Amino acid sequence: MNELNLTLLLNIIKNKGNVLRLKREKLSFRQIAEFTEQAVTDGFITYSDNKIILTELGEEFLELHLPATKKKNKAEWIEPDIKNKIKPYPKNEVFLPNRSEFSF
Amino acid sequence: MEAIEAILSINRIFKKNKWHEKDAQDLAMEGFCRLLDSLEPEQRILLLELTNNYQWISHDEYRDKFVQAMEAISEDQLTDVKKIHFFPIIKPEDENKVKSGEHLFYIIKSFKRLMTKYNHIQFEYLKTFDQLQALKLESEERLFLVDDYIGSGDTFNHCLTEVAKNSSLSSSAIKVVCIAIQEDTQLNLVLEGYAVLKTIVLKKGITDYNERAVAEEKKTLMREIERNIPGSKPVSLGYNETEALITMARTPDNTFPIFWKKFRKEGKYFDAPFARYDEQ
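Residues numbered from 1 in each chain as written. Chains lettered and ligands numbered in written order. Predicted model: local features only at pLDDT ≥ 70, side-chain atom pairs only at ≥ 80, totals over all residues. Heavy atoms only, no water.

## Some points on the overall build of chain A
Right, so step 1: Helix and strand counts for chain A come out as five helices and two strands.
Right, so step 2: Taken from the N to the C terminus, the helices and strands of chain A come in the order α-α-α-β-β-α-α.
Right, so step 3: In terms of overall dimensions, chain A is more spread out than a globule: its C-alpha atoms have a radius of gyration of 22 Å, far above the 13 Å expected for 104 residues.
Right, so step 4: Projecting the C-alpha coordinates of chain A onto the three principal axes gives extents of approximately 65 × 30 × 20 Å.
Right, so step 5: Put simply, chain A has 104 residues, and 30% of those count as buried.
Right, so step 6: Residue pairs at least 24 apart in sequence account for 47% of intrachain contacts in chain A once pairs closer than 6 positions are excluded.
Right, so step 7: With an accessible surface of roughly 8300 Å², chain A has 53% of that area assigned to carbon and sulfur atoms.
Right, so step 8: Charge centroids of chain A, computed over 17 positive and 15 negative side chains, lie 10 Å from each other. (Helix = DSSP H or I, 4+ residues; strand = E, 2+ residues; numbered from the N terminus. Rg over C-alpha atoms; globule rule 2.2 N^0.38 Å. Buried < 20%, exposed > 50% of the residue type's maximum accessible area, 1.4 Å probe, protein only. Contact = heavy atoms within 4.5 Å. Areas by Shrake-Rupley, 256 points an atom, 1.4 Å probe, with all protein chains shown as cover. Lys, Arg positive; Asp, Glu negative; His and termini not counted. Charge placed at Lys NZ, Arg CZ, Asp CG, Glu CD.)

Spelled out as structure tokens, the structure:
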């Protein structure tokens, strides 16, 4: 079991996070389900009465590995929105946009 | 119920029913999970409850299920029979469309040898209402009306109106053969004097599985879900409120629309787990 995915899964369960976060790791829903079953088998979580709860082992694992998932440099995962970047205008300049450029 | 809990539950239903082995399982599984993810907690529980009682009969199971239905007859009922005429359960206006009933003719023709109780009987196939009207049924002959699924009985009744025009066809000489039928429709047919040969009998998905007050609450909840399913009004709780829980080669419109019609949330559409190819 991949450590990053397990950490993400435990974090989703504990903090009611969005399960689609795991889809970003290129997992199919079936893989996510099987992966969750595996986490039950391995004792990281329990599942009964339609409730999934972290076990002590799960809590420890999450505490240990969660910081690593957040260490990422912002520049690595947020792409600059270059197409919407505009040059700042000087304070006293009056800006008159071209009518044909209006999108409304 | 959280989305991840619902995903685990649906996967267990897939495993229990061996749905992961079916051809279109990827689409169905992804459809279910995306839908469950977008539903509210109590709506998820309802969808899972219904799915737990759901039947998914794929095309490659038709042969065995249909042969099984044909064999669900006592041999003494066939002792004196020399010939059986088959006719598909269709509405007169649908006569020229390809329907599931006619497709079953192919199975009957190809696998007659598997229907061991019928070895001594000759099979004939009627394809048009004209042929049906021209039929003179002798005492050692029977008429079998066939379809893969019988829902509210609406199509059957239309077909029966035509059958009734032929005075040589009495209800005692007619049998209905299908893979699956709704329980209340079957009861009506039996009361009208028609014997039904079938493999699966389906209960109403909410009404027949719950106490009355609980059933009403769940129906209200389902209607709330349906507010987010464009075009679902005429088929609310399934056509004629059949509350069916079945997908055949195609999903009948008697099935709750949540299983076969697109769900919309915040302007985004979600494909149904058992989408019908003609649904946009």
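## Regarding the overall build of chain B
Right, so step 1: Per the secondary structure count, chain B includes nine helices and 10 strands.
Right, so step 2: A globule of 280 residues ought to have a C-alpha radius of gyration of about 19 Å, and chain B, at 20 Å, matches this closely.
Right, so step 3: In terms of principal-axis extent, the alpha carbons of chain B reach across some 60 × 35 × 35 Å.
Right, so step 4: Counting across all 280 residues of chain B, residues that qualify as buried make up 52%.
Right, so step 5: Split by element, the accessible area of chain B, about 13100 Å² in all, is 46% carbon and sulfur.
Right, so step 6: Distance from the positive charge centre (39 side chains) to the negative charge centre (46 side chains) of chain B: 1 Å.

## Observations concerning unusual backbone geometry
Right, so step 1: The phi torsion at Lys16(A) lies on the positive side, around 50°, for a residue other than glycine.
Right, so step 2: Mapped onto the secondary structure, Lys16(A) falls in the loop between α1 (3-15) and α2 (20-23).

## Side note on the pattern of salt bridges
Residues and elements named next belong to chain B.
Right, so step 1: Under the definition given, this model contains 18 salt bridges over all chains.
Right, so step 2: Here Glu-162 makes a salt bridge to Lys-165, at a shortest N to O gap of 3.0 Å.
Right, so step 3: Of the residues examined, Glu-162 reaches a relative accessible area of 15% and is grouped as buried.
Right, so step 4: Linked by salt bridges that have partners in common, Glu-216, Lys-219 and Glu-243 make up one network. (Salt bridge = Lys/Arg side-chain N within 4 Å of Asp/Glu carboxyl O.)

## Some thoughts on helix α2 (residues 25-38) of chain B
Residues and elements named next belong to chain B.
Right, so step 1: Along its 14 residues, α2 runs 20 Å from first to last C-alpha, staying within 8% of the 20 Å computed at 1.5 Å per residue.
Right, so step 2: For α2, the tally of buried residues reaches 10 of 14 residues, placing the bulk of the element in the interior.
Right, so step 3: Residues of α2 that are buried: Gln-25, Ala-28, Met-29, Gly-31, Phe-32, Cys-33, Leu-35, Leu-36, Asp-37 and Ser-38. (Expected span 1.5 Å × (residues − 1).)

## Concerning the packing of helix α3 (residues 29-41) of chain A against helix α1 (residues 3-16) of chain B
Right, so step 1: Between α3(A) and α1(B), whose axes approach to 9 Å, the crossing angle comes to 95°. Judged on the interaxial angle alone, α1(B) and α3(A) are roughly perpendicular. For the pair α3(A) and α1(B), contact is made by Phe29(A), Arg30(A), Ile32(A), Ala33(A), Glu34(A), Thr36(A) and Glu37(A) and by Ile4(B), Ile7(B), Leu8(B), Asn11(B), Arg12(B) and Lys15(B), respectively. (Axes fitted to C-alpha atoms, helices over the stretch in contact; angles between N-to-C directions. Parallel < 35°, antiparallel > 145°, perpendicular 65-115°, else oblique.)

## Topic: the nonpolar core
Residue and element names in this part refer to chain B.
Right, so step 1: In terms of nonpolar packing, the biggest core is built from 59 residues, with Ile-10, Met-222, Phe-256, Ile-258 and Phe-259 touching the most fellow members.
Right, so step 2: In this structure, Ile-258 is in contact with Leu-35, Leu-47, Met-222, Ile-225, Ile-229, Phe-263, Ala-272 and Pro-273, ignoring residues within four places of it in sequence.
Right, so step 3: Counting 32 residues, the second-largest nonpolar core is a separate cluster that includes Ala-69, Leu-202, Ile-246 and Met-248. (Core = buried A, V, L, I, M, F, W, Y, C linked by side-chain atoms within 4.5 Å.)

## Some words on the interface of chain B and chain A
Right, so step 1: Every contact between the two is made by 18 residues of chain B and, on the other side, 19 residues of chain A.
Right, so step 2: If you sort the residues of chain B by the area they bury against chain A, Ile4(B), Glu5(B) and Leu8(B) come out on top, with a joint share of 32%.
Right, so step 3: Here chain B is connected to chain A by five salt bridges.
Right, so step 4: Here Glu30(B) and Lys23(A) are joined by a salt bridge, their closest N and O atoms 2.8 Å apart.
Right, so step 5: Summed over the shared surface of chain B and chain A, the result is nine residue pairs in polar contact (both at pLDDT 80 or more).
Right, so step 6: Elements supplying a minimum of two residues to the side of chain B that touches chain A: α1 and α2 of chain B. (Buried area = accessible area lost by both parts, 1.4 Å probe. Polar contact = N/O pair within 3.5 Å; in protein donor to acceptor, adjacent residues only side chain to side chain.)

## Thoughts on the environment of Tyr47(A)
Right, so step 1: With respect to the helices and strands, Tyr47(A) occurs in strand β1 (residues 45-48).
Right, so step 2: Here the alpha-carbon distance between Tyr47(A) and Val19(A), two residues 28 residues apart in the chain, equals 17 Å.
Right, so step 3: Setting aside chain neighbours within four positions, we find Tyr47(A) in contact with Val40(A), Ile52(A), Met1(B), Glu5(B), Leu8(B), Ser9(B) and Arg12(B).
Right, so step 4: Side-chain polar atoms of Tyr47(A) contact the side chain of Asn50(A), separated by 3.4 Å.
Right, so step 5: At 2.4 Å, the side chain of Tyr47(A) forms a polar contact with the side chain of Ser9(B).

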